[in-house]
Amino acid sequence: MKLATIGSGNIGKSIGARASKAGYEVIFSARAEQHALEAAKAAGNNARSAGVREAVELADIVLLALPHGAVEEVLSNVRPLLKGKVLIDATNALTAVSGALTNGSATSAAEEIAKLVPEAKVVKAFNTVFAQVYASQYPEVKGNTVSVYYAGDDKESKAKVADLIRKMGFDAVDAGPLKAARNLEPMALLKIAPQLVPHSSAKAAGWG
Ligand SMILES: NC(=O)c1ccc[n+]([C@@H]2O[C@H](COP(=O)([O-])OP(=O)(O)OC[C@H]3O[C@@H](n4cnc5c(N)ncnc54)[C@H](OP(=O)(O)O)[C@@H]3O)[C@@H](O)[C@H]2O)c1
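Presented here is an overview of the structure given in this document. (Residues numbered from 1 in each chain as written. Predicted model: local features only at pLDDT ≥ 70, side-chain atom pairs only at ≥ 80, totals over all residues.)

1. Side note on the sheet that holds strand E5 (residues 86-89)
Consideration 1: Pairing is mixed across the open sheet formed by 8 strands, whose spatial order is E3-E2-E1-E4-E5-E6-E9-E10. Because the sheet does not close on itself, it has two edges, and the strands there are strand E3 (48-49) and strand E10 (171-176).
Consideration 2: Bridge count for E5 against strand E6 (residues 121-125) is 4 bridges, and the pairing is parallel. From the neighbouring strand, Ile88 faces E6, where its bridge partner is Val123. (Pairing = 2+ DSSP bridges. Helix = DSSP H or I, 4+ residues; strand = E, 2+ residues; numbered from the N terminus.)

Below, the structure is given as structure tokens:
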């Protein structure tokens, strides 16, 4: 099974490397070719890098690991190539000071992404766990396997994502249909917000 990452930063690099260790054929892509190449080298296991279009073309599963602000433009460039493919949305649509979600609670980034790329089978996943956990060798919390939530409307695609999560060593938790991303995205905020408290930008936003 081939997995492409769009984005080779904290999330793309760590999930890609873990998937590669789990036996997936991983193709990293990024804005800067060099960053994708470095992620591939760090992952080892025959992982490789490519431009975004080539990576998407080659993949069965595509991991969207971009800052939310870049999502629309990047997807518009690869939209036809995503036809029939599983598109994992790991993004969090954070406001500039990260105290809130740009979408509010009447929709979610995942649902908006599904509207942008109706050809793809969008599954929300991986957004509630920090990249450091994906990168750690033994990702357990007090002896318990870390839960990774996923949500989507297409049964087969969800099964593929659940399989990926399990093979990466995590507990795969089905959160429901894609609409359940409205629950998963604020869950990420729960983890991020306490880390912002000491920062002045968070104070400006009324946090801390
Ligand atoms: N960090 C976490 O712990 C965490 C946890 C869960 C979810 N998330 C979410 O995951 C997403 C990625 O976060 P991150 O921490 O991995 O961000 P990051 O470290 O800043 O990495 C972002 C990646 O996106 C690439 N990128 C940006 N614009 C691009 C474009 N136009 N075309 C192609 N690639 C582009 C960057 O390429 P270059 O390397 O070439 O600059 C970089 O590789 C965000 O939505 C975030 O909210 C993050």
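2. A few points about the site of the ligand
Consideration 1: Around the ligand, a shell composed of 25 residues is seen, among which Gly7, Gly9, Ala32, Thr91 and Asn92 lie nearest.
Consideration 2: Tallied by class, residues from the shell around the ligand come to 14 nonpolar, 10 polar and 1 charged. (Near = placed C-beta within 6 Å. Nonpolar A, V, L, I, M, F, W, Y, C, P; charged D, E, K, R; others polar.)

3. A look at the pairing of strand E1 (residues 2-6)
Consideration 1: Counting buried residues along E1, 4 of its 5 residues qualify, which places the element largely inside the surrounding structure.
Consideration 2: As paired strands, E1 and strand E2 (residues 25-29) are joined by 5 bridges and run parallel to one another. Residue pairing across strands places Ala4 opposite Ile27, the latter belonging to E2.
Consideration 3: Following the backbone out of E1, through helix H1 (residues 10-21) and into the adjacent parallel E2, one traces a crossover that is right-handed.
Consideration 4: Where E1 and strand E4 (residues 61-64) come together, 4 bridges link them in parallel fashion. Paired with Thr5 across the strands is Leu63, a residue of E4. (Buried ≥ 20, exposed ≤ 12 C-beta atoms within 10 Å, placed from the backbone. Right-handed = clockwise from strand over helix to strand, strands pointing away.)

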